[in-house]
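Descriptive structure summary
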Amino acid sequence: MVAKLQFDFVVDKENSTLTVTREFAGPRQLVWDCHTQSALLDRWFAPKPLSTKTKHMEFKEGGYWHYAMVTPDGQAYWSRVDYLAIRPIDSYATLDGFTDETGVVNPDMPRSRWDVTFSDLREHTLVTTVVHYNSPEDVQKVIDMGMKEGMTSTLERLDELLLTLRG
Amino acid sequence: MDNYRVALDAIFHALSDPTRRAVVQRLGAGPATVSDLSKPFDMALPSFMKHMRVLEESGLVSSSKSGRVRTCTLEQDKLAAAERWFEEQRALWSNRYENLDKLLEQLQGDVNGS
């Protein structure tokens, strides 16, 4: 197994951002490929036990990735990622959105902007993702939607969540 | 950030115990009296009340007394929801990145193995 890899998750409520920093045991080109090629994204992007399914991928400025996270019983949650700016293999910026199966963005849901940067950390790679929401109200809207999806399912996941957090 | 951390610590402490987690899960189905809540547990009432106090101090549970009956309610307020959402996001990223660790290991194993 690899040695302990750096992982930081910082919430800035005032500026409505989440910053995720993570070290990976691989060279920058490979880590970049895993983030930007759908065949590779499909193998890691959805958290377990969900899986990732790509419907459309065009990794270029103005292009987008349309994908679903699929639950073990087949329920699909569709999203799309629009690529705003790409600087191989240093950074890319995207606009995230909830969609339906046809890729139409849900206009009632806030979209978030992601800035993803890649840098060398000795022979490893450091990836920093900053997720920006437009306002604290937008964050609240996303949280409220999560609430609507059901308090029960959240509670059912608490045990699992606590295990993850302690790991 | 400090207030956020204090609130979060209290919530995690509250949820670090299986009895308290079971109570929270039960209250997710709706309010219940202390005596109903304590029934599934083989525990003296004073010990059970200690758990209830921890839950109330964390803000996850509130209670009100009517006569001799104390009824508890899960506080689904926005603060708790927000903290939970942030923690879910953290767990999501952590889990997602563990997948990527494994994938990177496989991809580099392929290269080294050939």
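Calculation notes
- Residues numbered from 1 in each chain as written.
- Chains lettered and ligands numbered in written order.
- Predicted model: local features only at pLDDT ≥ 70, side-chain atom pairs only at ≥ 80, totals over all residues.
- pLDDT = per-residue confidence, 0-100.
- Helix = DSSP H or I, 4+ residues; strand = E, 2+ residues; numbered from the N terminus.
- Axes fitted to C-alpha atoms, helices over the stretch in contact; angles between N-to-C directions.
- Parallel < 35°, antiparallel > 145°, perpendicular 65-115°, else oblique.
- Left-handed = near helix turned anticlockwise from the far one by under 90°.
- Contact = placed C-beta atoms within 7 Å.
- Nonpolar A, V, L, I, M, F, W, Y, C, P; charged D, E, K, R; others polar.
- Buried ≥ 20, exposed ≤ 12 C-beta atoms within 10 Å, placed from the backbone.
- Arc of directions from axis to C-beta.
- Pairing = 2+ DSSP bridges.

**With respect to the confidence of the model for chain B**
Residue and element names in this part refer to chain B. With 82% of its residues at a pLDDT of at least 70, chain B reaches an overall mean of 82. Mean pLDDT values for the elements of chain B range from 61 in helix 1 (residues 2-14) up to 95 in strand 1 (residues 32-33). This prediction of the complex comes with two scores: 0.67 for pTM and 0.82 for ipTM.

**Considering the packing of helix 2 (residues 18-27) of chain B against helix 4 (residues 45-58) of chain B**
Residues and elements named next belong to chain B. Where helix 2 contacts helix 4, the axes come no closer than 10 Å and their chain directions differ by 65°. Overall, the two elements helix 2 and helix 4 adopt an arrangement that is roughly perpendicular. Crossing angle aside, the handedness with which helix 2 passes helix 4 is right-handed. Here Thr19, Arg20, Val23 and Val24 of helix 2 lie close against helix 4, whose contacting residues are His51, Val54 and Leu55. Among the residues making up the contact of helix 2 with helix 4, the classes are represented as four nonpolar, two polar and one charged.

**Focus on helix 1 (residues 28-36) of chain A**
Looking at helix 1 of chain A, one finds that the buried residues are Val31, Trp32 and Cys34 of chain A. Considered in projection along helix 1 of chain A, the buried side chains sweep an arc of 160° and stay on one side of the axis.

**Description of the environment of aspartate 90 of chain A**
All names here are of chain A. Residue placement: aspartate 90 occurs in the loop between strand 5 (76-87) and strand 6 (91-98). Overall, aspartate 90 belongs to the exposed group, with 12 C-beta atoms counted inside 10 Å. Between the C-alpha atoms of aspartate 90 and phenylalanine 118, which are 28 residues apart in sequence, the distance is 5.0 Å. Each residue touching aspartate 90, except ones within four places of it in the same chain, is listed here: Thr117 and Phe118.

**Notes on the sheet that holds strand 2 (residues 61-66) of chain B**
All names here are of chain B. Across the sheet, which stays open at both edges, the three strands sit in the order 1-3-2 with antiparallel pairing between neighbours. At either end of the open sheet lies a strand with only one pairing partner, and these are strand 1 and strand 2. Pairing between strand 1 and strand 3 (residues 69-74): two bridges, direction antiparallel. Across the sheet, residue threonine 33 finds its bridge partner in strand 3, namely threonine 71. Sheet contacts for helix 2: strand 1, strand 2 and strand 3; angle to strand 3, the most-contacted strand, approximately 85°.

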